[in-house]
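Here are the chains, one letter per residue:
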Amino acid sequence: MNFQRTILPAAACAMTALLMPYELLAGGCEQTAHLMHQACYADARDDYKTALANCENLDDRSDRRTCGQEAKQALREDDSYCREQFAARRDACDLLDEDRYAVDPLTDPSITFIHPDEVDASTANPYVSLIAGHTYVLRAGDEGEETDVIHVTDETREIQGVECRVVVDVVLIAEEDDQTGEISYEPVEVTDDWVAQDSDGNVYYCGELSRNYEEGVLVDLDGSFESGRDEAKAGVLMMAMPEIGVAHRQEFSLGEAEDIIEYVDHAALPNSDNEAFSCADAGGCLMTHDFTPLEPEVEEFKYYIPGVGFVLAESVEDGELTEAVDQLLCVGDSLDILQSPACEIDDPEVLNETLCELIPGVFCE
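Residues numbered from 1 in each chain as written. Predicted model: local features only at pLDDT ≥ 70, side-chain atom pairs only at ≥ 80, totals over all residues. Heavy atoms only, no water.

Enquirer: Can you walk me through the overall build of the chain in this structure?
Expert: In terms of regular secondary structure, the chain is built from five helices and 16 strands. Here the chain has a C-alpha radius of gyration of 23 Å; the compact-globule value for 365 residues is 21 Å, and the two agree. For the C-alpha atoms alone, the extent of the chain along its principal axes is close to 65 × 60 × 40 Å. A buried classification covers 47% of the 365 residues belonging to the chain. Taking the contacts inside the chain whose residues are at least 6 apart along the sequence as the reference set, 53% of them involve residues at least 24 apart. Put simply, the chain shows about 18,900 Å² of open surface, and 47% of that area lies on carbon and sulfur atoms. Here the chain contributes 20 positive and 83 negative side-chain charges, whose respective centroids are spaced 16 Å apart. (Helix = DSSP H or I, 4+ residues; strand = E, 2+ residues; numbered from the N terminus. Rg over C-alpha atoms; globule rule 2.2 N^0.38 Å. Buried < 20%, exposed > 50% of the residue type's maximum accessible area, 1.4 Å probe, protein only. Contact = heavy atoms within 4.5 Å. Areas by Shrake-Rupley, 256 points an atom, 1.4 Å probe, with all protein chains shown as cover. Lys, Arg positive; Asp, Glu negative; His and termini not counted. Charge placed at Lys NZ, Arg CZ, Asp CG, Glu CD.)

In structure tokens, the structure reads:
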């Protein structure tokens with residue numbers, strides 16, 4: 001078809017560069033970046049050919065032509081995104097000063113893990129609590145339209161021989177009926193996070209089961225991974241004593257979960273309208289820079305208070321600060337905190353019913 005001709009010459013040149021023998025590239029991290037670039041490029045062509053095949057099954061000739069043009073534009077955009085991911089992965093290699101991410105911390109014999117039930121107030125990581133019952137409520141979303149409930153359950157999951165605490169994270173949007181005024185909650189994402197702690201207080205991310213919804217309907221499990229499956233590895237979610245200037249991987253599942261955290265400063269809390277949480281008494285919040293090569297145009301700056309944990313995240317897109325802010329509203333030692341006015345929940349009873357329907361083993365009495 002004619003609209004392919006403008007793509008194929010450029011594609012051939014790009015493929016020639018991509019097919020350089022990876023043995024000639026420096027370091028495992030650099031090799032990984034190049035190989036994932038090739039995979040991204042191949043996936044883009046697979047999607048393009050599939051789109052063209054669907055175009056061929058449209059009845060109207062004009063619609064087929066328009067469909068083909070749209071597929072070509074989508075391919076251009078995918079190629080651009082592949083290049084951005086490639087550059088982001090190489091930047092990550094430089095930041096991490098990493099040859100290859102070879103050792104899964106869950107299988108590292110030099111690390112002593114403790115059972116989550118042994119974690120108490122005196123041994124817990126100051127920024128991430130694994131104490132059963134601990135519950136956070138956040139306001140999230142581009143316009144603060146989302147309610148995010150994070151609850152540390154009393155359940156564990158054994159992964160690579162390590163007992164990992166199950167932490168549920170439920171993001172919902174409240175909707176009000178125009179006629180009755182009744183509130184309902186629609187799920188956006190429901191996640192089981194699996195986390196572990198070592199004897200020094202460092203917290204590790206063992207994996208997650210992420211259930212993504214659209215208009216209340218489960219659509220995919222994108223972002224899910226488990227250490228030890230399909231070459232995925234755990235990472236350090238949060239160090240017990242973060243050192244400014246240090247960066248490390250929080251998770252490693254290529255193409256699925258590649259989050260990286262950098263400890264950048266001890267700073268005042270910016271743009272917060274919640275006076276209940278202040279950095280002053282802590283000598284400044286721990287400020288981190290969080291990003292993933294999978295979404296090279298998006299990054300976050302997060303703030304943590306020792307003894308409280310996460311309190312604020314500011315989102316940056318294409319180098320510009322956005323309106324999207326995740327902010328801690330309330331924190332407590334049990335689900336009873338959901339009844340507190342500080343959590344700003346429109347209808348706590350309806351919220352509890354919705355949570356019970358989504359995860360009955362955790363939220364149902």
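Additional details are given in the paragraphs that follow.
Enquirer: It is not clear to me how a negative patch on the surface should be interpreted in this structure. Could you clarify?
Expert: A cluster of acidic residues, E84, D142, E143, E145, E317, D318, E320 and E323, forms a negative patch at the surface. Tracing the backbone shows E320 in strand β16 (residues 320-332). (Patch = residues over 30% accessible without salt bridge, like charges linked within 9 Å, V, L, I, M, F, W, Y side chains within 5 Å. Salt bridge = Lys/Arg side-chain N within 4 Å of Asp/Glu carboxyl O.)

Enquirer: Which parts of the structure should I look at to understand the packing of helix α2 (residues 28-55) against helix α3 (residues 61-96)?
Expert: Relative orientation and spacing of two packed helices are given, respectively, by the angle between their axes and the distance between those axes. Where α2 meets α3, the closest approach of the two axes is 9 Å, and the angle between their N-to-C directions is 170 degrees. When the axes of α2 and α3 are compared, the pair comes out roughly antiparallel. Grouping the constituent residues of the contact of α2 with α3 by class yields 16 nonpolar, four polar and nine charged. (Axes fitted to C-alpha atoms, helices over the stretch in contact; angles between N-to-C directions. Parallel < 35°, antiparallel > 145°, perpendicular 65-115°, else oblique. Nonpolar A, V, L, I, M, F, W, Y, C, P; charged D, E, K, R; others polar.)

Enquirer: Help me understand the pairing of strand β7 (residues 217-220), please; the structure alone is not making it clear to me.
Expert: For a regular strand, side chains alternate in direction, first toward one face of the sheet and then toward the other. Looking at chain direction, strand β6 (residues 203-214) and β7 are connected through three bridges and run antiparallel. Each residue of the ladder has a partner; that of E214, found in β7, is V217. Hairpin connection of β6 to β7: two residues between the antiparallel strands, including E215 at a positive phi of 55 degrees. (Pairing = 2+ DSSP bridges.)

Enquirer: In this structure, what is going on with the environment of V316? I would like to understand it.
Expert: Residue placement: V316 occurs in strand β15 (residues 309-317). Judged by relative accessible area, V316 falls into the buried class, the value being 7%. Separated by 19 residues in the primary sequence, V316 and E297 place their C-alpha atoms 8.1 Å from one another. Sequence-distant contacts of V316, defined by excluding residues within four places in its chain, comprise E297, V298, E299, F301, L321 and T322.

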